[in-house]
Amino acid sequence: MIYGVCVTPFDILRIAEATGKRPSDFLAVLPEYPEIERKESIVVIDGRRSMLVLKWRRGFVCPFYKSDGCSIYDARPMVCRMYPFRVKDGKVVDAESRVCPSCWKLEDKAPYLAEHRSSEAEFAAYCRMVAEWNQGPGGSLDEFISFVLEKAKAAHGR
Ligand code: SF4
């Protein structure tokens, strides 16, 4: 099983601004995971049901992971802000997967609930974009990125 760090267009905008990289430099698509909990983010790219993720290095290590931790900490994806927890039935619980190799302090879960609220709002907006894209003619990864970034910029008033 291949795991990736899922991103929304809002994450992409933050990472691109923080790093100066083009989205195509750090994005990739993976086939839909059979076990994924949030089917709403499954996007059809080149006719295949896919997920938008950060490109990975050998061993499926996040490209932004450095020996001293996350190199884009302030711009890290929303899924990373929640990590290594997730919210289930309104409670913060441990995430099952372990994609990021950083060591995380687990003693204070309170900040994760605040991050979760922001994450939910952005994820809901992303799901609307994906639904619109999936109902349209479809296209390539580059075309999908352009489509969602335009909408994300508009949502942020840029
Ligand atoms: S928190 Fe970990 S997985 Fe997320 S961007 Fe940073 S290094 Fe990558």
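Summarised in this report is the structure supplied together with it. (Residues numbered from 1 in each chain as written. Predicted model: local features only at pLDDT ≥ 70, side-chain atom pairs only at ≥ 80, totals over all residues.)

Some points on the overall build of the protein chain
Looking only at helices and strands, the protein chain features 5 helices and 7 strands. Looking at the protein chain residue by residue over its 158 residues, the buried ones come to 23%. Expressed as a percentage of contacts within the protein chain between residues at least 6 apart in sequence, the contacts between residues at least 24 apart total 65%. (Helix = DSSP H or I, 4+ residues; strand = E, 2+ residues; numbered from the N terminus. Buried ≥ 20, exposed ≤ 12 C-beta atoms within 10 Å, placed from the backbone. Contact = placed C-beta atoms within 7 Å.)

Here we look at helix α5 (residues 141-155)
Under the 1.5 Å per step criterion, the end-to-end length of α5 is 21 Å for 15 residues, consistent within 8% with the ideal 21 Å. When α5 is considered as a whole, its buried residues turn out to be Phe144, Val148 and Ala152. Angularly, the buried residues of α5 cover 60° about the axis, an arc narrow enough to put them on a single face. In α5, those exposed residues whose orientation departs by more than 90 degrees from the buried face are Asp142 and Ala154. (Expected span 1.5 Å × (residues − 1). Arc of directions from axis to C-beta.)

Notes on helix α1 (residues 9-19)
Every buried residue of α1 is accounted for by Pro9, Phe10, Asp11, Ile12 and Ile15. With its phi angle positive at about 75°, Gly20 sits one or two positions after the end of α1.

Quick word on the environment of Leu54
Take Leu54: it is sitting in strand β3 (residues 48-54). Residues Leu54 and Ala28 lie 26 residues apart in sequence; the distance between their C-alpha atoms is 5.8 Å. The contacts of Leu54, once residues within four sequence positions are left out, are Gly4, Val5, Val7, Phe26, Leu27, Cys62 and Pro63.

Looking at the pairing of β3
Examined bridge by bridge, strand β1 (residues 27-31) and β3 share 5 bridges and lie antiparallel to one another. Across the sheet, residue Pro31 finds its bridge partner in β3, namely Ser50. Looking at chain direction, strand β2 (residues 43-45) and β3 are connected through 3 bridges and run antiparallel. In the sheet register, Ile45 faces β3, and the bridge partner there is Arg48. Turn length for the β2-β3 hairpin, with the two strands adjacent in sequence and antiparallel, is 2 residues, and the turn residue Asp46 shows positive phi of about 50°. (Pairing = 2+ DSSP bridges.)

As for the nonpolar core
Core analysis: the largest hydrophobic core is formed by 27 residues, its most contacted members being Val5, Cys6, Val7, Leu52, Val53, Leu54 and Val79. For this core, the secondary-structure elements that each account for two or more residues are α1, β2, β3, α3 (78-82), α4 (110-135) and α5. Tallying contributions element by element places α3 first for this core, with 4 residues. For Leu52, the contacting residues outside a window of four places in its chain are Cys6, Val7, Leu27, Val29 and Val43. (Core = buried A, V, L, I, M, F, W, Y, C linked by C-beta atoms within 7 Å.)

A closer look at unusual backbone geometry
Phi at Asp46 is positive, roughly 50°, even though this residue is not glycine. Mapped onto the elements of the fold, Asp46 is located in the loop between β2 and β3. In this structure Asp46 comes out as exposed when scored by C-beta crowding, with 12 C-beta atoms within 10 Å.

Examining the sheet that holds β3
Sheets are built from strands that pair by backbone hydrogen bonding, the pairs being arranged parallel or antiparallel. Pairing is antiparallel in the open sheet, where 3 strands are placed in the order β1-β3-β2. The open sheet is flanked by β1 and β2, the only strands paired with a single partner. On average, each strand axis in the sheet is inclined to that of its neighbour by 60°, with strand direction left out of account. (Axes fitted to C-alpha atoms, helices over the stretch in contact; angles between N-to-C directions.)

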